[in-house]
Amino acid sequence: MKPQIVAVVLVSLLVVLPVHRTIAGPAPGTFVMAITDNPDNLNPYLAGLAASSAVYRFAFDSLYTINLKGEWVPALAASYAVSPDGLAWTFKLRPGVRWSDGAPLTSADVKFTWQLATNKDVHVTYATGFDKIVSIDTPDPLTAVYHLKEPYAPFRDQVMGAALVPQHVLGSLSADQINRAPFNQKPVGTGPFYVSEFITDDHVTLTANPQYWGKKAKLQRIVVRIVPDENAQVNLMRAGDLSVLSIPAARLDEVKRMPNITIKRYLAPTYALVQLDEYEFLREAPVRQALDYATPKESVIRNIMKGQAEPAVSDLVPNGPYANKALRPRPYDRARARKVLLEDGFAPGPGGVLYKGGKRLEVPLWTVSGRAYFVQAMQVIAQSWRSIGVYTETHAVSAAALFGQNGPQWNGKDEALIFTWGQGVFPENKINWHSSFIPKDANSPGENDERYSNPEMDRLLEDADRTVDEAKRHAIYDRIQELEFRDVPIIFLFWLVNNNAVAGIVQGYDVTTFNTTLPEEWSTR
């Protein structure tokens, strides 16, 4: 899996905008948020980090979107219809929509988005579902008809809800030019805000889009500051420089005592995991199961996350419609973990470390240095793994070092990476588990970086895509989750429970598992 480092916090612009004021806090009409990592790309199809989507979500729209209740509602499309055989999806675009540079949105943009997403020479990181499209007809500027190879149940989740990108900006560029385009830092979108400034490793400023098709934004600007240190984020909130803070679990009680703060608590569709890169011994399911038994998840939730997390047993959010509620996490049982390894042929060697075939059982742990709870969890897990005979070193590095081409995922050795993954609320996980999505390098499409391969899983994932009957689809995903539990392609640590501190001057902001209120409705007094 590639990273989804989730940490959206809202911060101020005091040091980055030429605003003359006598008191601390964001300038009037300015909503300030912070992320822990530098966005890697603001083109939705080339981005790999959640830090990127935390920014470009304000600048782009999709045909339909999800509201706070998890319901699909129209956005750039006014309506759609599906043919009886499920092979043709016809969308009527909303008239009068313009890109932030003033050019009109047309069905040509819909078609171009598909062409870009399926261009193998473009460094596309995620375009699941677009490969199901055979062609797109554009009989008039406001009508787009998708023709599919076969019925595709997740079409709405993967294509209808995906951002549209402008044909008139990118359509004349070669793939190499698209990979390096200025658009990737200052994109042209249809969202309520546009990127007016991007200072790497410092901040991104988004200004209200005067061309926006929806309600005029109440804010003048949104500033996304890049603040890797979570403690620094808390200090900014205390100083009144943040509009919203995603509170680190260890600082929750402290932030609750801050004046003029409202806490928004919700289950995020994001889980923490230990990715097990299958090169050597990690290719053996008993080894992965043993590591799962030896991972003290409850202790991590209780002592490091301070209870601000829920147990995870699969990749489908517990309060979503597809979670397999019959599954329970493996108990923390080091004796059983060691027994599994001994039965798998390992034997104690020098220093009490287990060996098989003359080779030491060695699984280094890695995580992102800027996330304190990951670093703490890594140390706790490493201590437990060592106690059962696994040789485990620990490494806390930057996100770029962890997930880049020179990172541990690509060195051909067993490695274990701790990070979070933004799964979302819909059950499209083919890109995570199907063997065809094992990437060759950091720039290849596919998120099965752990290199998990199981023919039954491949077949189930393909069946799930084709099955539009909801009852049958539920049964397929129940079995998929059983295989996730049995085979342990990754260790599911927990689902994040987010607590967002909202400054008293902020109005119109709310958040659930599914979405936030519309950013154009946010305001500051």
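Everything in this summary refers to the structure shown in the same document. Remember, it's a predicted structure, so these values are computed and weren't measured experimentally.

Topic: the sheet that holds strand β5 (residues 77-82)
Moving on, step 1. If you walk across this open sheet you meet the 4 strands as β5-β6-β8-β7, and the pairing is antiparallel. Either end of the sheet is taken by a strand with one partner, and the two such strands are β5 and β7 (133-140). Pairs of neighbouring strands in the sheet enclose a mean axial angle of 20°, with direction left out of account.
Moving on, step 2. For β5 and strand β6 (residues 88-93), the ladder comprises 5 bridges, and the chain directions are antiparallel. Looking at β6, one finds that A77 is bridged to L93.
Moving on, step 3. Sitting on the sheet, helix α2 (residues 107-117) touches β6, β7 and β8 (143-148), and the angle it makes with β7 is about 170°.

Some points on the pattern of salt bridges
Moving on, step 1. One pass over the structure, following the stated rule, counts 24 salt bridges.
Moving on, step 2. One salt bridge connects E254 with R238, and the closest N-O pair in it is separated by 2.0 Å. Within this pair, whereas E254 is found in helix α7 (residues 252-256), its partner R238 is found in helix α6 (residues 230-238), the two being separated by 16 residues in sequence.
Moving on, step 3. R238 gets classed as partly exposed once you look at its relative accessible area, which sits at 43%.
Moving on, step 4. For D463, the salt bridge goes to R459, with nearest N and O atoms at 3.4 Å. Of this pair, D463 and R459 both sit in helix α14 (residues 455-466), 4 residues apart, roughly one helical turn.

Observations concerning the packing of aromatic side chains
Moving on, step 1. Under the defined criterion, the tally for this structure stands at 24 aromatic pairs.
Moving on, step 2. Consider the rings of Y45 and F130, whose centres lie 5.8 Å apart with planes at 85°: the pair is edge-to-face. Of this pair, Y45 sits in the loop between β2 (30-35) and α1 (50-56) while F130 sits in the loop between α2 and β7; the two residues are 85 residues apart in sequence, bridging distant segments of the chain.
Moving on, step 3. Residues Y271 and W495 carry aromatic rings whose centres are separated by 5.2 Å and whose planes lie at 75° to one another, so their mutual orientation is edge-to-face. Placement of Y271 in strand β13 (residues 261-277) and of W495 in strand β21 (residues 490-503) is noted, with a sequence separation of 224 residues between them. Per residue, the accessibility class of Y271 equals that of W495, and both read buried.
Moving on, step 4. Three or more aromatic residues link up through ring pairs in this structure, and these residues are Y64, Y80, W89, F91, Y146 and F155.

Cut-off values and rules
- Residues numbered from 1 in each chain as written.
- Predicted model: local features only at pLDDT ≥ 70, side-chain atom pairs only at ≥ 80, totals over all residues.
- Heavy atoms only, no water.
- Pairing = 2+ DSSP bridges.
- Helix = DSSP H or I, 4+ residues; strand = E, 2+ residues; numbered from the N terminus.
- Axes fitted to C-alpha atoms, helices over the stretch in contact; angles between N-to-C directions.
- Contact = heavy atoms within 4.5 Å.
- Salt bridge = Lys/Arg side-chain N within 4 Å of Asp/Glu carboxyl O.
- Buried < 20%, exposed > 50% of the residue type's maximum accessible area, 1.4 Å probe, protein only.
- Phe/Tyr/Trp six-rings, centres within 6.5 Å; stacked < 30°, edge-to-face > 60°.

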